[in-house]
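Summary of structural features
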Amino acid sequence: MFGDILSISRLRMGTDGNGISTLVVFFDCPLYCKYCINDFCHKPQKPFVGVQHAAFTPQELIEILKQDDIYYLMSGGGVVFGGGEPLLQSKYIHKVCTMVDQRWAKRIETSLNVPWDNIKPVLYDMDEWIIDIKDINSDIYKSYTKTDNKNMIENLLKLRNKVSKDKIHIRIPKIPDYNTSYDIEKSVEWIRDNIGVEPEVFSYIKTINR
């Protein structure tokens, strides 16, 4: 079993939950977001400057993660699975989670827009689900991601019934040229009413990927 990994970013603070963490970035994503900062994740077979296409066994990845074990334990950090869309490789991630030091925090950064069968393998592995929902408005979501949000919403409601609310961290971006303050407040209200958590609102940086 191999993980199709774009990059491994060590010693991260304040960006992926509490403590010092290592972010493991996976190739591939079902979304095609206008301002994607990891657009290379859609091109796993093409070489590009700065990052090498790499495949790691679970044990090889764990050996890399172990380098910062002391920092995880002292700070409450650990490993964060991101992308791209890490849930497309959830069976691999589950295997890694069963092998790591269980004192490490295990977090995943996801759009949640995958088949539910991709979520089930890691459903109870994660200490925190960091979910970027883009916008609850289906037209805004599809315009920005080129993908429908029906699946994401269904998965979010299922997840609410499967894991405790304190493990769900929902992020709602201010997306230049796509959603307004009114749209964002509608998304915030929907999350409060339907998921029962207080979402984080943040701003995307406008890029020119497409």
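An account of the accompanying structure is given in this report.

Rules used in this analysis
Residues numbered from 1 in each chain as written. Predicted model: local features only at pLDDT ≥ 70, side-chain atom pairs only at ≥ 80, totals over all residues. Heavy atoms only, no water. Helix = DSSP H or I, 4+ residues; strand = E, 2+ residues; numbered from the N terminus. Buried < 20%, exposed > 50% of the residue type's maximum accessible area, 1.4 Å probe, protein only. Arc of directions from axis to C-beta. Contact = heavy atoms within 4.5 Å.

**Describing unusual backbone geometry**
Of note, the amide linkage connecting G83 to G84 takes the cis form, showing an omega dihedral of 20 degrees. Along the polypeptide, G84 turns up in the loop between strand 4 (78–83) and helix 3 (90–99). The phi dihedral of D28 is positive, around 80 degrees, even though this residue is not glycine. By the element assignment, D28 lies in the loop between strand 2 (20–26) and strand 3 (54–56). For D28, a relative accessible area of 38% puts it in the partly exposed group.

**What to know about helix 1 (residues 58–65)**
What helix 1 keeps buried is the set P58, L61, I62 and L65. Projected down its long axis, helix 1 shows its buried positions confined to an angular sector of 100 degrees, all on one face.

**Some thoughts on the side chain of K106**
Inspection of the secondary structure puts K106 in strand 5 (residues 105–110). The buried category is assigned to K106, whose relative accessible area is 5%. Leave out the neighbours within four places in its chain, and K106 touches V79, C97, V100, D125, M126, D127 and E128.

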